[in-house]
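Residue-level listing of the chains:
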Amino acid sequence: MLRVTEILTDVLGNKFDTVNPIILDRASKFGQAVHATLTLHDKNNLGEYDATLESYLSAWVKFREMYKPEFLLIEERLTDNVLGFTGQPDRIAIMQKKKWVIDFKTGQKSPEQALQTAAYEYLYLSENPGSYGMRRMCVFLDGKDFKVMEYSDPSDRGIFLNMLSIAKWKKNHNLGG
């Protein structure tokens, strides 16, 4: 079963290939720690946490106070067995009377995030027939505040599904990835 992020990396390439592996590992672990902290917070099970993450948690709390999301899913894996791919959005929520895919990031904005959220939207809709009119966003946490980037290009879903086909083709022909 192919994962959303693997599909994107396989087709678009790994943009982190030139980054020092030690720095990349440190950044990856930091992002994982932020995700874990926010997830425990949203599940009302935070307890003690690393004080260096306080500013990220504060920014997330500020986002929650401003947008008032009602979480439907928190870090739950979604799967489409027909198309053969899976992904784990950070949150699916109701805000402003609409369902939203919410993915949070501690790094920089990049174009593939639109495709990533479109893939999560597709997976959610495939597991929840009758849902429609979803919206998508990334919440960028920089340690001081948050910024929201909404993605609304209707072609994002089709582009991702084409990338899925390419990733499967490459896998079937042993072309890496």
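Presented here is an overview of the structure given in this document.

Conventions adopted
Residues numbered from 1 in each chain as written. Predicted model: local features only at pLDDT ≥ 70, side-chain atom pairs only at ≥ 80, totals over all residues. Heavy atoms only, no water. Helix = DSSP H or I, 4+ residues; strand = E, 2+ residues; numbered from the N terminus. Buried < 20%, exposed > 50% of the residue type's maximum accessible area, 1.4 Å probe, protein only. Pairing = 2+ DSSP bridges. Core = buried A, V, L, I, M, F, W, Y, C linked by side-chain atoms within 4.5 Å. Contact = heavy atoms within 4.5 Å.

1. Concerning unusual backbone geometry
Consideration 1: Positive phi, close to 55°, is recorded for Gln-96, a residue that is not glycine.
Consideration 2: Looking at the element boundaries, Gln-96 is found in the loop between β5 (91-95) and β6 (98-105).
Consideration 3: Judged by its relative accessible area of 52%, Gln-96 falls in the exposed class.
Consideration 4: In this structure, Asn-174 is a non-glycine residue whose phi angle is positive, near 50°.
Consideration 5: Taking the relative accessible area as the measure of exposure, Asn-174 reaches 71% and is therefore exposed.

2. Observations concerning the sheet that holds strand β1 (residues 2-3)
Consideration 1: The strand order across the open sheet formed by three strands is β1-β4-β3, and the pairing between neighbours is mixed. Each end of this open sheet is capped by a strand with a single partner; those strands are β1 and β3 (78-80).
Consideration 2: Of the pairings in the sheet, the one linking β3 to strand β4 (residues 85-87) comprises three bridges and is antiparallel in character. Looking across to β4, one finds that Leu-78 is bridged to Gly-87.

3. Describing the nonpolar core
Consideration 1: With 21 residues, the main nonpolar core has Val-4, Ile-7, Phe-85, Tyr-124 and Phe-160 as its most contacted residues.
Consideration 2: Within the residue set of this core, elements represented by two or more residues are α1 (4-12), α4 (112-127) and α5 (155-172).
Consideration 3: If you tally residues by element for this core, the top one is α4, at seven residues.
Consideration 4: Aside from chain neighbours lying at most four places away, what touches Phe-160 is Val-4, Ile-7, Leu-8, Phe-85, Leu-115 and Ala-119.
Consideration 5: If you look at the next biggest cluster of nonpolar residues, it comprises 20 residues, including Leu-38, Trp-60, Met-137 and Leu-141.

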